[in-house]
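Read off the chains here:
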Amino acid sequence: MHNKQNHISMNRNLIKTVAIFLFIFMASCAQTTYYQLVNTKPVSEDLKKEDKSIVYEDKNCIIRYNLWTEEGTTEIMFENKTDEDIYLDMGASFYIFNNQAFDLYCPSTKSKTTSRVNAGGIYWGFGISTAQGVRTESTIVKHQQQIITIPAKMYKIIGETDIKIAENIYRDCTLLLKPDKKSVYSTHFTLADTPYRFGLRLAYYVGNQTEPIKIKNEFYVDKITNYPSQLFKESYTSDKVCPDEKVMGKTKTRYIYKSADSFYLEYNPDRVGSTSNGGVLKH
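Residues numbered from 1 in each chain as written. Predicted model: local features only at pLDDT ≥ 70, side-chain atom pairs only at ≥ 80, totals over all residues. Heavy atoms only, no water.

Undergrad: Which parts of the structure should I look at to understand the overall build of the chain?
TA: The number of helices and strands found in the chain is two helices and 22 strands. Relative to its 283 residues, the chain shows a buried fraction of 35%. Of all intrachain contacts in the chain linking residues separated by at least 6 positions in sequence, the fraction that spans at least 24 positions is 69%. For the chain, the accessible area works out to roughly 17500 Å², and carbon and sulfur atoms hold 52% of it. (Helix = DSSP H or I, 4+ residues; strand = E, 2+ residues; numbered from the N terminus. Buried < 20%, exposed > 50% of the residue type's maximum accessible area, 1.4 Å probe, protein only. Contact = heavy atoms within 4.5 Å. Areas by Shrake-Rupley, 256 points an atom, 1.4 Å probe, with all protein chains shown as cover.)

This is the structure:
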């Protein structure tokens with residue numbers, strides 16, 4: 001009987017040891033998400049920061065940028081201020097990155113899959129929100145337009161300029177891959193030494209006008225900072241709920257540093273340098 005109890009005790013100790021080992025192993029394998037925050041400034045003096053967008057305005061149009069998304073975006077909201085239609089010539093418009101021009105018009109068929117989920121609505125980045133809906137997916141196949149018409153006194157969101165600004169994180173010795181609360185540092189840049197200078201050159205016509213009006217909007221990266229997830233996102237309780245909702249005081253997550261003139265990259269520090277999550281080293 002005594003030997004049986006000892007055997008049972010040994011088995012329990014073995015189970016506890018294995019459980020502790022597995023816990024330590026799983027903890028060591030747990031991956032913490034990190035974020036690289038990229039702050040920008042306008043090169044063009046006629047770009048002004050507002051609450052939810054960076055704005056360019058002339059006598060005919062208002063163009064709004066909101067760079068905030070993963071890897072950044074140059075998608076724009078183009079508003080026609082005139083009483084005539086405006087024609088945006090994508091064949092004479094370009095995305096500029098570090099002095100290299102990329103065509104915005106590509107005469108080929110493209111497809112885009114869209115999805116909506118029942119998750120509290122969608123915010124499009126320019127102060128525009130759509131209500132929540134059940135999950136739907138659809139694929140749109142269309143021939144990209146060379147001339148985009150913006151009707152009088154209306155606006156369009158021009159998705160043809162939705163180009164990612166940076167696909168890989170920026171690396172230098174100041175930016176630790178695994179920063180903690182005490183080691184969050186920033187690298188600062190001037191216009192002369194910035195690693196990323198980007199923007200749009202657009203050409204448009206008003207009504208029957210025969211000469212195009214050309215716009216040049218450019219930004220440059222002036223600061224880059226790496227953050228652990230817990231310093232980049234925060235949980236909060238939302239009081240903005242309808243009276244008939246079952247759950248009151250919903251807990252949500254938001255980005256602490258969200259801004260129209262910034263964007264971010266999510267990365268796994270253990271994979272930096274691989275083909276799927278590489279880094280751009282400072283020269």
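Undergrad: Explanation requested: the sheet that holds strand β3 (residues 54-57) in the structure shown.
TA: Remark on secondary structure: sheet strands pair via backbone hydrogen bonds, oriented parallel or antiparallel. The sheet built from five strands is open, its strands ordered β2-β3-β4-β5-β14 with antiparallel pairing. Edge strands, defined here as strands with exactly one partner in the open sheet, are β2 (47-49) and β14 (155-158). Across the sheet, the mean angle from the axis of one strand to that of its neighbour is 25 degrees, orientation sign disregarded. Pairing of β3 with strand β4 (residues 61-65) involves four bridges; the strand directions are antiparallel. For Y56, the partnering residue across the bridge sits in β4 and is I63. (Pairing = 2+ DSSP bridges. Axes fitted to C-alpha atoms, helices over the stretch in contact; angles between N-to-C directions.)

Undergrad: Even after reading the chapter, I still don't get the nonpolar core, so can you show me in this structure?
TA: Among the nonpolar cores identified, the biggest contains 39 residues, and I63, F78 and L88 are the most heavily contacted of them. Sorting elements by how many residues they give to this core places strand β17 (residues 197-206) first, with five residues. Residue contacts for L88: discarding those within four places in its chain leaves F78, S93, Q146, I147, I148, I150, I158, L202, A203 and Y204. Listed in part, the six residues of the second largest apolar core include W68, Y227, F232 and Y264. (Core = buried A, V, L, I, M, F, W, Y, C linked by side-chain atoms within 4.5 Å.)

Undergrad: Just checking my understanding: could you explain the side chain of T194 for this structure?
TA: Checked against the element boundaries, T194 lands in the loop between β16 (186-188) and β17. In this structure T194 comes out as buried when scored by relative accessible area, which is 14%. For T194, the side chain forms a polar contact with the main-chain oxygen of V221, separated by 2.6 Å. (Polar contact = N/O pair within 3.5 Å; in protein donor to acceptor, adjacent residues only side chain to side chain.)

Undergrad: What am I meant to see in the environment of Y236 here?
TA: Tracing the sequence through the fold places Y236 in strand β19 (residues 233-238). On the accessibility criterion, Y236 (24% relative accessible area) is partly exposed. The spacing of Y236 and K252 is 16 residues in sequence and 5.5 Å in space, taken between C-alpha atoms. When residues no more than four places from it in sequence are discounted, the contact partners of Y236 are K250, T251, K252, T253 and R254.

Undergrad: Can you walk me through the pairing of strand β8 (residues 100-103) in this structure?
TA: In regular strands, side chains alternate between the two faces of the sheet. In the sheet, strand β7 (residues 94-97) pairs with β8 via four bridges, with the strands oriented antiparallel. Paired with F97 across the bridge in β8 is Q100.

Undergrad: Would you mind going over the pattern of salt bridges with me for this structure?
TA: When their charged atoms lie close together, side chains carrying opposite charge are able to pair. Counted by the stated rule, this structure contains nine salt bridges. Measuring nitrogen to oxygen at the nearest pair gives 2.9 Å for the salt bridge that ties E57 to K81. Of this pair, E57 sits in strand β3 while K81 sits in the loop between β5 (76-80) and β6 (86-89), and the two are 24 residues apart along the sequence. For K81, a relative accessible area of 26% corresponds to the partly exposed category. (Salt bridge = Lys/Arg side-chain N within 4 Å of Asp/Glu carboxyl O.)

Undergrad: I would appreciate a short explanation of the packing of aromatic side chains in the present structure.
TA: Ring pairs (aromatic) are described by centroid distance and by the angle formed between their planes. Per the counting criterion, the structure on display carries 21 aromatic pairs. Ring geometry for W68 versus Y255: centroids 5.6 Å apart, planes at 65 degrees, classification edge-to-face. Of the two residues, W68 sits in the loop between β4 and β5 while Y255 sits in strand β20 (residues 250-255), which places them 187 residues apart along the sequence. By relative accessible area, Y255 is classed as partly exposed at 27%. Clustering of aromatic rings is evident, with ring pairs tying together Y35, W68, Y227, F232, Y255, Y257 and Y264. R254 extends its terminal NZ or CZ atom over the ring of Y236, reaching a point 4.0 Å from the ring centre. (Phe/Tyr/Trp six-rings, centres within 6.5 Å; stacked < 30°, edge-to-face > 60°. Lys NZ or Arg CZ within 6 Å of the ring centre and 35° of its normal.)

Undergrad: What is the right way to read the environment of I169 from this model?
TA: Its place among the elements puts I169 in strand β15 (residues 169-171). Given the relative accessible area of 1%, I169 is considered buried. For I169 and Y264, which are 95 residues apart along the polypeptide, the C-alpha to C-alpha distance reads 9.0 Å.

Undergrad: Would you explain the environment of W68 in this entry?
TA: Using a relative accessible area of 12% as the deciding quantity, one classes W68 as buried. Each C-alpha atom, one on W68 and one on S262, is 5.5 Å from the other, the two residues being 194 residues apart in sequence. Once you skip the residues sitting within four places of it in the chain, W68 turns out to touch L37, F232, Y255, Y257, K258, S259, A260, S262, F263 and Y264.

Undergrad: What am I meant to see in the confidence of the model for the chain here?
TA: Reading predicted coordinates in detail is not appropriate for stretches of low pLDDT. With 70% of its residues at a pLDDT of 70 or more, the chain shows a mean pLDDT of 81. Between residues 23-29, whose pLDDT stays under 50, and residues either more than four places distant or in other chains, the model counts zero contacts. When the criterion is pLDDT under 50, residues 116-136 qualifies, and its contacts beyond four places in sequence or with other chains add up to 46 contacts. (pLDDT = per-residue confidence, 0-100.)

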